[in-house]
Each structure stands twice: as C-alpha cells, then as structure tokens.
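Summary of structural features
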Amino acid sequence: LYTIFAILNLIFPLYVFYTALVNDMFDSTPKFIIVFLLVWIIIAFASWVSFQLWWDRKSKITNTSSEGAEFVATPVFSHLIQTIGEWLGTWIGIVGFGTALLTTIILGDDGYYFSRGIGLDFLETGWLSIVLMPIYGFLIIVATRFLAEQFRALSSIANNTRKN
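Here goes a summary of the coordinates provided. Since we're looking at a predicted model, the values are computed, not measured.

Cut-off values and rules
- Residues numbered from 1 in each chain as written.
- Predicted model: local features only at pLDDT ≥ 70, side-chain atom pairs only at ≥ 80, totals over all residues.
- Heavy atoms only, no water.
- Salt bridge = Lys/Arg side-chain N within 4 Å of Asp/Glu carboxyl O.
- Helix = DSSP H or I, 4+ residues; strand = E, 2+ residues; numbered from the N terminus.
- Axes fitted to C-alpha atoms, helices over the stretch in contact; angles between N-to-C directions.
- Parallel < 35°, antiparallel > 145°, perpendicular 65-115°, else oblique.
- Left-handed = near helix turned anticlockwise from the far one by under 90°.
- Nonpolar A, V, L, I, M, F, W, Y, C, P; charged D, E, K, R; others polar.
- Buried < 20%, exposed > 50% of the residue type's maximum accessible area, 1.4 Å probe, protein only.
- Phe/Tyr/Trp six-rings, centres within 6.5 Å; stacked < 30°, edge-to-face > 60°.
- Core = buried A, V, L, I, M, F, W, Y, C linked by side-chain atoms within 4.5 Å.

Take the pattern of salt bridges next. Counted under the stated rule, the structure contains four salt bridges. The salt bridge partner of Arg145 is Glu149, with a shortest N-O separation of 3.0 Å. In this pair, Arg145 and Glu149 are both assigned in helix α5 (residues 127-163), four residues apart and thus about one turn of the helix distant. Linked by salt bridges that have partners in common, Arg57, Glu86, Arg145 and Glu149 make up one network.

See the structure below:
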C-alpha cells in the first residue's frame, strides 16, 4: 500500500500536466501559462517530497509492533493514519500556499479559472488562502499525529496489561 501511494505521487504531476493539456491550458494567455508552469513545478516538488515520505515509511512499518504482541493491527493502522496526515498536511501546505500565492499575485481574480483549468478545483486563491493553507496543513499534521498516538497508546496499554 505504501509503495502504491509512493508511485501515485510520482505519477500525479503527469496527470496534472495531462489535464492541463486536455483543458487547453496552453492556449490561454501567457500569464496563465507561466503560472501553470510555476504551479506545476510546485506540484512536482510536493509530489517528490510525498514520494519520499511514503517510500521511507514503507520500510518503517515493520517496527510498529513488537514481537509477541497480541494487538498488532492497531499500531499498523496508527502508522498509516499518521503517514496519511503528514502527506496530506505537507501537500496542502506546500501546494496550497504556492498556488494561492502565485495565482493571487499574478492572476488576481482570474485565479479561480486557473484551478478549474488544471483540474484541482479545491485550490483557492486570495490573500486569506495564502495565510490559511499552511495553517490547514499544520493542523492536519498535528490532528492526525494526535489520533495516531492515541491509537498507539491504546494498543500499548492493551499489550502491557495482557502481560501482567
């Protein structure tokens, strides 16, 4: 599963580029094309960081449970939740901030049409989004980390109680 998510993160920038081609993004005005290429670089960078995260975590999944533990699925699920949260928070923080910044500065009110043109309607534009996207990313990371730690604590208590 971790390997599949890692590979999907490598493929995603190609999908975004394909979507832009299908939606005739390169037939737009030069400022739309420039913003697309800059945003595409940000997406490619965030996807590479995400690939590295998933690829690194796939080797660490075996360390989530100790030998002889009765409850092994909960720590594995906790690890998955934490990794998904770190991936999503990082992606929203990097791509959300970068896209909002570039579209607000270069495109202004036309930024709304830009995100629809590349098939990522959830990317917003405006000064508020520039401030909120990194905050959203951070909150997602913290919330999923907290949830994952609660699951790990619960399984640790259950495993240690059984031994006594």
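From this point, things continue past the structure.
Right, let's talk about the packing of helix α2 (residues 30-60) against helix α3 (residues 73-107) for a bit. In contact at an axis separation of 10 Å, α2 and α3 are set at 165° when each is read in the N-to-C sense. The orientation of α2 relative to α3 falls into the category roughly antiparallel. The handedness of the crossing between α2 and α3 is right-handed. Here the contact of α2 with α3 is composed, by residue class, of 20 nonpolar, nine polar and four charged.

Along the polypeptide, Asn23 turns up in the loop between α1 (2-22) and α2. Since its relative accessible area comes to 40%, Asn23 is described here as partly exposed. Taking the C-alpha atoms as reference, Asn23 lies 22 Å from Leu101; in sequence the two are 78 residues apart.

Tallied over the entire structure, the rule returns twelve aromatic pairs. Considering the side-chain rings of Tyr2 and Trp54, the 5.3 Å spacing of their centres and the 65° angle between planes classify their relative orientation as edge-to-face. Note that Tyr2 is positioned in helix α1 and Trp54 in helix α2, a separation of 52 residues in sequence. Trp54 matches Tyr2 in its accessibility class, with the two residues each being buried.

Backbone geometry follows two general trends: most residues other than glycine have a negative phi, and most peptide bonds adopt the trans configuration. Here Asp24, not a glycine, exhibits a phi torsion of approximately 55°, which is positive. Turning to its location among the elements, Asp24 is positioned in the loop between α1 and α2. The partly exposed category is assigned to Asp24, whose relative accessible area is 44%.

As a further point, take the nonpolar core. Within the largest apolar cluster, 16 residues are counted, with the highest numbers of intra-cluster contacts made by Met25, Val35, Phe36, Val39, Ile43, Val95 and Phe114. Those elements that place two or more of their residues in this core are α1, α2 and α3. Of the residues forming this core, the biggest block, seven residues, is contributed by α2.

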